[in-house]
Amino acid sequence: MDIDGAGLRERKKQATRIALSWAAIRLTVERGLDNVRVEDIAAAAGVSTRTFSNYFGSKGEAIVARHHDRARAIAAALRERPADEPIWTAITHAALAGFALGEPVTEGRPPDRSWVEGLRLMVAEPALQSEFQKAGAAAEAEIALVVAERTGTDAATDVYPRLVAGVVGAALSVVTQQWLVTDPPRPMEDLLRDVFGRLAAGLPEPR
């Protein structure tokens, strides 16, 4: 087997998947979910509708795919953190790494108000809620496995890894919602450090 060739094919497949997901997000933010067709997403990503179907079963799956990618990135980053690092310190760094994934739709510019408002409407879209819930459950399962590895526990039977993963999932949701409602949006890094810093401190009451 040509290992280099196989690796190149996988990278191309991943690039296509990312392009389709970002196209779905951008078009939905700009037009609204009901005004976006699979054909539009495929055309915006420069591929055929058949290629779209090879990656996603619906436009909702394509939109939520970046949530899956971020969860995998956070889990992978957590797995790479030093074994003796306190769990919440490790998780904070992993979350920062996960949210550092590039967002080509804004090309590195601060998001404008219309873009944030479109994102807010997209996240609240009733037709997407089941996809977001499935993505959240998958994310928590991945994080629980890594937490179990770090702590010598069992993700299937022990409370601790599942509890930590659930708290992480809730924290990431709070970070996202806070970013969407703050005008102008605070840097995501600041929000992540704030939220996970509170968790690391035992979530004390505000003074």
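For the structure, check the block above.
Heads up: these notes are all about the structure in this document. (Residues numbered from 1 in each chain as written. Predicted model: local features only at pLDDT ≥ 70, side-chain atom pairs only at ≥ 80, totals over all residues. Heavy atoms only, no water.)

## Remarks on helix α2 (residues 38-45)
Working step 1: Considered for burial, the residues of α2 that qualify are D40, I41 and A42.
Working step 2: Residue G46 follows α2 closely and has a positive phi angle near 75 degrees. (Buried < 20%, exposed > 50% of the residue type's maximum accessible area, 1.4 Å probe, protein only. Helix = DSSP H or I, 4+ residues; strand = E, 2+ residues; numbered from the N terminus.)

## What about the environment of R9?
Working step 1: For R9, the position within the fold is in helix α1 (residues 3-31).
Working step 2: Residue R9 is classed as exposed on the basis of its relative accessible area, which comes to 51%.
Working step 3: Sequence spacing of R9 and A95 is 86 residues, and the spatial spacing of their C-alpha atoms is 28 Å.

## With respect to the packing of aromatic side chains
Working step 1: With the rule as written, the count across this model stands at 2 aromatic pairs.
Working step 2: An angle of 55 degrees between the planes, with centres 5.8 Å apart, marks the rings of F52 and F56 as tilted.
Working step 3: A relative accessible area of 1% places F52 in the buried class.
Working step 4: Centre to centre, the rings of W88 and F196 are 6.4 Å apart; their planes meet at 35 degrees, and the pair counts as tilted. Within this pair, whereas W88 is found in helix α5 (residues 87-98), its partner F196 is found in helix α9 (residues 188-200), the two being separated by 108 residues in sequence. No difference in accessibility class separates W88 from F196, as the two residues are buried. (Phe/Tyr/Trp six-rings, centres within 6.5 Å; stacked < 30°, edge-to-face > 60°.)

## Here we look at the packing of helix α8 (residues 159-181) against α9
Working step 1: The contact between α8 and α9 brings their axes to 10 Å, and the two run at 140 degrees. It follows from the interaxial angle that α8 and α9 lie oblique. Here the hand of the crossing between α8 and α9 comes out right-handed. Between α8 and α9, the residues in contact are V167, V168, A171, L172, V174, V175, Q178 and W179 and M188, L191, L192, V195, F196 and L199, respectively.
Working step 2: Of the residues belonging to the contact of α8 with α9, the class tally is 13 nonpolar, 1 polar and no charged. (Axes fitted to C-alpha atoms, helices over the stretch in contact; angles between N-to-C directions. Parallel < 35°, antiparallel > 145°, perpendicular 65-115°, else oblique. Left-handed = near helix turned anticlockwise from the far one by under 90°. Contact = heavy atoms within 4.5 Å. Nonpolar A, V, L, I, M, F, W, Y, C, P; charged D, E, K, R; others polar.)

## Quick look at the pattern of salt bridges
Working step 1: A full pass over the atoms with the stated rule returns 14 salt bridges.
Working step 2: A salt bridge links D69 to R72; its shortest N-O distance comes to 2.5 Å. Placement of both D69 and R72 in helix α4 (residues 59-80) is noted, with a separation of 3 residues, approximately one turn of the helix.
Working step 3: For D69, a relative accessible area of 7% gives the class buried.
Working step 4: Here the salt bridges share partners, and the residues they tie into one network are R17, R66, D69 and R72. (Salt bridge = Lys/Arg side-chain N within 4 Å of Asp/Glu carboxyl O.)

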